[in-house]
Amino acid sequence: MTTISRNLQDIHQRIHNACAGAGREPSSVALLAVSKSWPVESLAEAVLCGQRVFGESYVQEGLAKIDALGDNSLEWHFIGPIQSNKTRPIAEHFAWVHSVDRFKIAERLSVQRPPHLPPLQICLQINVDGERNKAGCLPEEAASLCQAIAPLPHLTLRGLMAIPEQTTDVMRQRQQFARLRELRDTIDISLDTLSMGMSHDLEAAILEGATIVRIGTALFGSRT
Ligand SMILES: *Cc1c(COP(=O)(O)O)cnc(C)c1O
């Protein structure tokens, strides 16, 4: 058994256990394999173990892997910072974008989404801590941004994403994730997705309602 296949099994077990603790179905939580910085061979190995959904943070790196793997049954999620001059390749090659944090980016993605493809699936990234210089819109901007983005024709607004401050304090982790869920619940649009939880805090995220966990290190190893 390879390291990736063993890690993948461990992560599925963690998701399973967390769902049991939360009284949720394991099928209600999707595993996004965050493959940034890992070579195509590592992704190919994960594909052999049944993983089909991958997250990338850098446009050029992501495009190279999409091209190299060339497997139409894989699903690609863009999760990194977005410069407005990089929206076109994202709109053309990814199925989801988790890191939309302003209207201009959403508008460009909608205009540039090829009409023969299904709508691009969108999460609005929220700066839940409100820390300065962090990516994401502020919680108080979320409702009006969702109202503006939802009608864009080639996008489907699915939910909210956050990368809270890293902490080993599980109560603190849960508080931050709960804030994202509560924010989602105040928005007057049906949003079925909470993209939250990473290698070190997926259990807390699942307890607070995560529907997509984004896992890099626990699957592929630490990035150097
Ligand atoms: C790198 C990254 C992850 C994965 O983090 P790990 O701690 O390695 O699991 C998740 N989400 C985003 C947005 C990332 O950039």
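None of the values given here were measured: they were computed from a predicted structure.

A. Molecular detail of the confidence of the model for the protein. Of all residues in the protein, 100% have pLDDT values of 70 or greater, and the mean over the chain is 97. The least confident element of the protein is helix 2 (residues 40-48), whose mean pLDDT is 97; the most confident is strand 7 (residues 193-195), at 99.

B. Just unusual backbone geometry, in detail. Its identity as a non-glycine residue notwithstanding, S37 has a phi of 75°, on the positive side. Within the secondary structure layout, S37 lies in the loop between strand 1 (30-34) and helix 2.

C. Quick peek at the site of the ligand. Contacts to the ligand come from 13 residues, most closely from K36, S199, R214, G216 and T217. A distance of 2.5 Å separates an oxygen atom of the ligand from a polar side-chain atom of S199. Within the contact set of the ligand, a nitrogen atom lies 2.8 Å away from a side-chain nitrogen or oxygen of R214. A total of 390 Å² of accessible area belongs to the ligand in isolation, and the protein chains cover 91% of it. Residue composition of the shell around the ligand, grouped by class: six nonpolar, four polar and three charged.

D. Molecular detail of the pattern of salt bridges. Within the structure shown, the criterion is met by 12 salt bridges. The salt bridge involving E61 is made with K65; its shortest N-O contact spans 2.7 Å. Of this pair, E61 and K65 both sit in helix 3 (residues 59-69), separated by four residues, roughly a single helical turn. The class of K65 is buried, set by a relative accessible area of 5%. A salt bridge links R88 to E92; the nearest nitrogen and oxygen atoms lie 3.9 Å apart. Taken together, the positions of R88 and E92, both in helix 4 (residues 87-93) and four residues apart, correspond to about one turn of that helix. Residue R88 is classed as partly exposed on the basis of its relative accessible area of 44%. Judged by relative accessible area, which is 33%, E92 ranks as partly exposed. Ionic contacts of the salt-bridge type, sharing partners, join the residues E56, E61 and K65 into one network.

E. Fine view of the side chain of K36. Here K36 is to be found in the loop between strand 1 and helix 2. For the buried K36, no salt bridge is present, and the opposite-charge side chain at shortest range is E56, 8.7 Å distant. Ignoring any residue separated from it by four or fewer positions in sequence, one finds K36 in contact with G55, E56, S57, Y58, E61, K65 and R223.

F. View of the pairing of strand 1. Within strand 1, four of the five residues are buried, which leaves the element mostly enclosed by the surrounding structure. As defined by bridge partners, strand 1 adjoins strand 8 (residues 212-215) across four bridges and the pair is classed as parallel. Bridge pairing in strand 8 links A33 to I215. Where strand 1 meets strand 2 (residues 53-56), two bridges bridge the pair, whose relative direction is parallel. Across the sheet, the residue bridging to A33 is F54, located in strand 2. In this view, the connection linking strand 1 to its parallel neighbour strand 2 by way of helix 2 has right-handed handedness.

G. Summary view of the packing of aromatic side chains. Applying the stated criterion to the full structure yields three aromatic pairs. With centroids separated by 6.1 Å and ring planes inclined at 25°, the aromatic side chains of W38 and F220 adopt a geometry described as stacked. In this pair, W38 is assigned in the loop between strand 1 and helix 2 and F220 in helix 9 (residues 217-220), connecting sequence segments 182 residues apart. By relative accessible area, which is 8% here, F220 ends up buried. Seen in terms of ring centroids, F78 and F94 are 5.4 Å apart; in terms of plane orientation they differ by 80°. Their pairing is edge-to-face. One end of the pair, F78, is in strand 3 (residues 75-78); the other, F94, is in the loop between helix 4 and strand 4 (96-100), and 16 residues separate them in sequence.

Here is what the cut-offs are and how they apply
Residues numbered from 1 in each chain as written. Predicted model: local features only at pLDDT ≥ 70, side-chain atom pairs only at ≥ 80, totals over all residues. Heavy atoms only, no water. pLDDT = per-residue confidence, 0-100. Helix = DSSP H or I, 4+ residues; strand = E, 2+ residues; numbered from the N terminus. Near = heavy atom within 4 Å. Polar contact = N/O pair within 3.5 Å; in protein donor to acceptor, adjacent residues only side chain to side chain. Areas by Shrake-Rupley, 256 points an atom, 1.4 Å probe, with all protein chains shown as cover. Nonpolar A, V, L, I, M, F, W, Y, C, P; charged D, E, K, R; others polar. Salt bridge = Lys/Arg side-chain N within 4 Å of Asp/Glu carboxyl O. Buried < 20%, exposed > 50% of the residue type's maximum accessible area, 1.4 Å probe, protein only. Lys, Arg positive; Asp, Glu negative; His and termini not counted. Contact = heavy atoms within 4.5 Å. Pairing = 2+ DSSP bridges. Right-handed = clockwise from strand over helix to strand, strands pointing away. Phe/Tyr/Trp six-rings, centres within 6.5 Å; stacked < 30°, edge-to-face > 60°.

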